[in-house]
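Structure assessment
Listed here are the chains, written in short residue letters.
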Amino acid sequence: MAVFVALGAFLMTLAGGWTAQRVTDRRHLVLGLAGGLMLGVVGLDLLPEALHAAGDEVFGVPAALLLFVAGFLLAHLVERLLAARQAAHGGEEHDGRVPEVGLTAAAAMVGHSAMDGVAIGAAFQVGGGMGTAVALAVVAHDFADGFNTYTITSLYGNARRKALTMLFADAVAPVVGAASTSFVTIPEGLLGGYLGLFGGALLYLAAAEILPEAHHEHPARSTLLCTVAGVGFIWLVVGLAG
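So, how was this worked out
- Residues numbered from 1 in each chain as written.
- Predicted model: local features only at pLDDT ≥ 70, side-chain atom pairs only at ≥ 80, totals over all residues.
- Heavy atoms only, no water.
- Core = buried A, V, L, I, M, F, W, Y, C linked by side-chain atoms within 4.5 Å.
- Buried < 20%, exposed > 50% of the residue type's maximum accessible area, 1.4 Å probe, protein only.
- Helix = DSSP H or I, 4+ residues; strand = E, 2+ residues; numbered from the N terminus.
- Axes fitted to C-alpha atoms, helices over the stretch in contact; angles between N-to-C directions.
- Parallel < 35°, antiparallel > 145°, perpendicular 65-115°, else oblique.
- Left-handed = near helix turned anticlockwise from the far one by under 90°.
- Nonpolar A, V, L, I, M, F, W, Y, C, P; charged D, E, K, R; others polar.
- 1 Å grid on protein atoms, 1.4 Å probe; cavity = no way out; pocket = protein on both sides within 12 Å on 5 of 7 lines; lining within 4 Å.
- Points joined across faces, edges and corners; volume = space filled by probe spheres on them.
- Contact = heavy atoms within 4.5 Å.
- pLDDT = per-residue confidence, 0-100.
- Phe/Tyr/Trp six-rings, centres within 6.5 Å; stacked < 30°, edge-to-face > 60°.

1. Things to note about the nonpolar core
- Residues M38, L46, I152, L202, L205 and I210 are the most contacted members of the largest nonpolar core, which totals 36 residues.
- Put simply, the parts of the chain that give this core at least two residues each are α2 (27–53), α3 (63–88), α4 (99–126), α5 (128–155) and α7 (188–216).
- With ten residues, the single largest contributor to this core is α2.
- V5, A9, V138 and V139 belong to the second largest nonpolar core, which has six residues in total.

Shown next as structure tokens:
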């Protein structure tokens with residue numbers, strides 16, 4: 001049952017990526033929406049789950065929040081190191097962005113989607129009602145995952161073929177994750193730590209890259225509305241799943 005539900009996530013991820021590539025003539029709106037979706041996923045989905053799963057404190061601060069900050073700093077560090085390496089070796093950049101950063105971010109999205117599949121499988125082990133609620137949340141927000149995976153990969157100057165490859169990997173990942181729960185159980189604390197770390201990295205990409213790019217050439221009200229709509233969509237998904 002978990003794998004069957006994960007197939008729905010597979011289709012929704014592909015639908016999100018297809019939508020992202022079909023509206024390239026409205027790139028600023030796509031980026032504005034992607035930034036809102038990412039912000040919503042981090043603030044309304046990942047962080048609450050991370051705090052719940054990894055509730056232990058380290059020197060007075062929840063471990064999930066420490067890892068959240070570490071993820072933000074790690075994303076910034078990786079981008080700067082790759083940019084410096086490309087410049088030193090005369091590598092190609094795309095509007096000041098390094099393609100490897102986009103691929104790294106997309107790979108993180110794939111890893112997150114695999115964990116979504118694991119969450120579906122674990123929830124169905126607890127009970128059918130829990131499995132249905134988790135599946136609804138995962139399938140709905142995998143549209144945003146597919147949208148963001150394609151957008152991030154393309155934004156950093158990667159070829160369309162690479163963007164489609166990462167999109168397909170992101171779509172397959174929940175199915176693989178759900179199937180793996182037949183053999184492996186991930187400790188809740190470890191899962192919470194991962195969600196915090198990934199949330200920090202995702203917030204960095206949204207705040208430092210996606211949203212500034214969206215408003216760079218088209219500082220229009222419609223772009224801002226798309227960002228707000230992205231956050232609102234994730235809020236609706238989280239509310240329905242709860």
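Let us keep going from here.
2. Description of the packing of α2 against α7
- Between α2 and α7, whose axes approach to 8 Å, the crossing angle comes to 160°. On the basis of their axis angle, the class for α2 and α7 is roughly antiparallel. Here α2 and α7 pass one another in a crossing that is left-handed.
- Grouping the constituent residues of the contact of α2 with α7 by class yields 18 nonpolar, nine polar and four charged.

3. Considerations on unusual backbone geometry
- Residue F59 is not a glycine yet carries a positive backbone phi of 55°.
- The class of F59 is exposed, set by a relative accessible area of 85%.

4. Quick word on the layout of surface pockets
- In this model, the second largest pocket occupies a volume close to 280 Å³.
- What lines the second largest pocket is a set of 16 residues, and nearest its centre among them are A75, T104, A105, A108 and A201.
- For the lining of the second largest pocket, the secondary-structure elements that each account for two or more residues are α3, α4 and α7.
- Ranked by the residues each element gives to the lining of the second largest pocket, the list is headed by α7, at six residues.

5. A short note on the side chain of Q21
- Within the secondary structure layout, Q21 lies in helix α1 (residues 2–22).
- Non-local contacts of Q21, meaning those with residues more than four positions away in its chain, are made with Y150, R160 and L164.

6. Comments concerning the confidence of the model for the protein
- When the pLDDT values of the protein are averaged, the result is 80; 82% of them are 70 or greater.
- Within the protein, no element has a lower average pLDDT than α5, which sits at 73, and none a higher one than strand β2 (residues 61–62), at 92.

7. With respect to the packing of aromatic side chains
- Tallied over the entire structure, the rule returns three aromatic pairs.
- Relative to Y204, the ring of F72 has its centre 5.2 Å away and its plane inclined at 85°; by these criteria the two rings are edge-to-face. Of this pair, F72 sits in helix α3 while Y204 is found in helix α7, placing the two residues 132 residues apart along the sequence.
- Given a relative accessible area of 29%, F72 falls into the partly exposed group.
- Relative to F198, the ring of Y194 lies with its centre 6.0 Å away and its plane at 10°, an arrangement referred to as stacked. Of the two residues, Y194 and F198 both sit in helix α7, four residues apart, roughly one turn of that helix.
- You can call Y194 partly exposed: its relative accessible area is 23%.
- Residue F198 is classed as buried on the basis of its relative accessible area of 5%.

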